[in-house]
Amino acid sequence: MNELAAAPGIGKLERVALREVWRHEAYDFTRWLQDNIDVLNEALGLSLVNVEREQAAGSFSIDLVAERESGGKVIIENQLEKSNHDHLGKVLTYMVAMEAQTAIWIVAEPRPEHVSVVAWLNESSSSDFYLVKVEAVRIGVSPPAPLLTLIVGPSAETAAVSRSKREFAERHDVRQNWWARLVARPDAKLHSHITPGPSTWIGVTSGVRGLPLNYVITQQDCGAELYIDRGKGSDAENKSIFDQLFTRRDEIEQAFGGPLSWERLDEGRASRIRARVTAGGYRAPEEEWDTIQTQQVSAMNRLHKALQPHLKSLKLGYEGPE
């Protein structure tokens, strides 16, 4: 006789087929959950109240709709079988229809791909998604009891990732809007053929391969630059080009109409000569963009004009010191 069976007062936990406990998903399990929402609250650490069954969402019927005590609607979708794409689609559809901020998907067997999707939803949106596994268990001849296990849900870590992703997407949108407005300006003809993108820079050729004229933007400032990078293995040539231009610094800055930032970047392959605009960057209020971009475009046009005669006389290629 094994020790478990011999030990007095200790029973063996057994799993019971869900359909033996709740024969019908809607009539039995959903009704039971509505009346016993405290079991779900305890499993998830929530405080759901005002639980209503079979709420309409267009031509669909939501299993349960509840509210969090702190406010906000919650939709609950039950599935006493393996998770599938159909129910995942329903969860998302119901959330939109009810303008809910929380979704709870209860399944008998969560598929790995759906676990990954729910985790991704928590990281990529401002809503909360819970994937819960439901089981029925009993000890000996006791009545079956529900066992709800959280498989994946929101957390402080996923909330931080979600904020980071939203901020990243927001930066992309704002930068793309910045460039769209800039290239549409009549004074920005040099870059007028550029298709705006979300990058921190846009550029056109200066007429010399590997020496583009770039507009650059950060949250706080912007500018125009000559970027010197002739490609892989061009480290020495890039520095040679920079040094040739640097020997003409006074002449170039006089033609530009002010000081420039000369950045040899000795620890990297490239170098640059930048005209900085400190009036603001893409985080500036949009009503200030036109004023800032006027300075940025002026800087580009003056930099282009100041550099052109010197770019034409550059000694390209690098054979090393004599």
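In the block above lies the structure referred to throughout.
Cut-offs used in this document
- Residues numbered from 1 in each chain as written.
- Predicted model: local features only at pLDDT ≥ 70, side-chain atom pairs only at ≥ 80, totals over all residues.
- Heavy atoms only, no water.
- Helix = DSSP H or I, 4+ residues; strand = E, 2+ residues; numbered from the N terminus.
- Rg over C-alpha atoms; globule rule 2.2 N^0.38 Å.
- Buried < 20%, exposed > 50% of the residue type's maximum accessible area, 1.4 Å probe, protein only.
- Contact = heavy atoms within 4.5 Å.
- Lys, Arg positive; Asp, Glu negative; His and termini not counted.
- Charge placed at Lys NZ, Arg CZ, Asp CG, Glu CD.
- Pairing = 2+ DSSP bridges.
- Right-handed = clockwise from strand over helix to strand, strands pointing away.
- Core = buried A, V, L, I, M, F, W, Y, C linked by side-chain atoms within 4.5 Å.
- Axes fitted to C-alpha atoms, helices over the stretch in contact; angles between N-to-C directions.
- Parallel < 35°, antiparallel > 145°, perpendicular 65-115°, else oblique.
- Left-handed = near helix turned anticlockwise from the far one by under 90°.
- Arc of directions from axis to C-beta.
- Salt bridge = Lys/Arg side-chain N within 4 Å of Asp/Glu carboxyl O.

Draft legend 1. Up close: the overall build of the protein. Each helix and strand counted, the protein has 10 helices and 12 strands in total. Expected size for 322 residues packed as a compact globule is a radius of gyration near 20 Å; at 32 Å, the protein overshoots this value by more than 25%. Taking the principal axes of the C-alpha coordinates as reference, the protein spans close to 95 × 50 × 30 Å. Looking at the 322 residues of the protein, the share that counts as buried comes to 42%. Considering only contacts in the protein between residues 6 or more positions apart, those separated by 24 or more positions represent 56%. Within the protein, one finds 37 positive and 45 negative side-chain charges whose respective centroids are separated by 7 Å.

Draft legend 2. Structural context of the environment of Glu42. Within the secondary structure, Glu42 is located in helix H4 (residues 37-44). Given a relative accessible area of 70%, Glu42 falls into the exposed group. Here the alpha-carbon distance between Glu42 and Ala145, two residues 103 residues apart in the chain, equals 14 Å.

Draft legend 3. Quick peek at the pairing of strand E5 (residues 102-109). The buried count for E5 comes to 7 of 8 residues, which makes it a mostly enclosed element. Sheet topology note: the strand E4 (residues 73-82)/E5 ladder contains 7 bridges and is parallel. Each bridged residue has a counterpart across the sheet, and for Val74 the counterpart in E5 is Thr102. With helix H5 (residues 85-98) bridging E4 and the parallel E5, this β-α-β connection has right-handed handedness. Strand direction decides the pairing type here: E5 and strand E6 (residues 128-139), joined by 6 bridges, are parallel. Across the sheet, the residue bridging to Ile106 is Val132, located in E6. Where the polypeptide runs from E5 across helix H6 (residues 112-124) and back to E6, its parallel neighbour, the crossover connection is right-handed.

Draft legend 4. Fine view of the nonpolar core. Core analysis: the largest hydrophobic core is formed by 40 residues, its most contacted members being Trp178, Leu226 and Leu245. Among the secondary structure elements, those contributing two or more residues to this core are helix H7 (156-183), strand E8 (201-205), strand E9 (212-217), strand E10 (222-228), helix H8 (235-246), helix H9 (249-256), strand E12 (271-277) and helix H10 (289-312). If one sorts the elements of this core by residue count, H10 sits on top with 9 residues. Here Leu226 is in contact with Ser206, Leu211, Pro212, Leu213, Leu245, Ser271, Arg272, Ile273, Leu303, Leu307 and Leu311, once residues within four sequence places are set aside. Counting 25 residues, the second largest nonpolar core, distinct from the first, contains Trp22, Ile76, Ile104 and Ala136.

Draft legend 5. A look at the packing of H9 against H10. Direction vectors running N to C along H9 and H10 enclose 140 degrees, while the axes themselves pass 8 Å from each other. On the basis of the axis angle, H9 is oblique to H10. The chirality of how H9 crosses H10 is right-handed. Across from Glu251, Ile252, Ala255 and Phe256 in H9, the residues of H10 making contact are Ala299, Arg302, Leu303, Ala306, Leu307 and His310.

Draft legend 6. Examining H4 more closely. Of the residues making up H4, those classed as buried are Ile37, Leu40, Asn41 and Leu44. Seen from one end, H4 has its buried residues packed into an arc of 105 degrees, which puts them on one side. In the segment just after H4, Gly45 is the residue with positive phi, at about 70 degrees.

Draft legend 7. Quick look at the pattern of salt bridges. Evaluation of the coordinates by the stated rule reveals 15 salt bridges. The partner of Arg15 in a salt bridge is Glu135, with the nearest N and O atoms 2.5 Å apart. Here Glu135 lies in strand E6 and Arg15 lies in strand E1 (residues 13-16), a separation of 120 residues in the sequence. Its relative accessible area of 13% is what places Glu135 among the buried residues. Here Arg264 makes a salt bridge to Asp266, at a shortest N to O gap of 2.6 Å. You can call Asp266 exposed: its relative accessible area is 57%. Overlapping salt bridges, with partners in common, bring together Arg185, Asp187 and Asp290 in one network.

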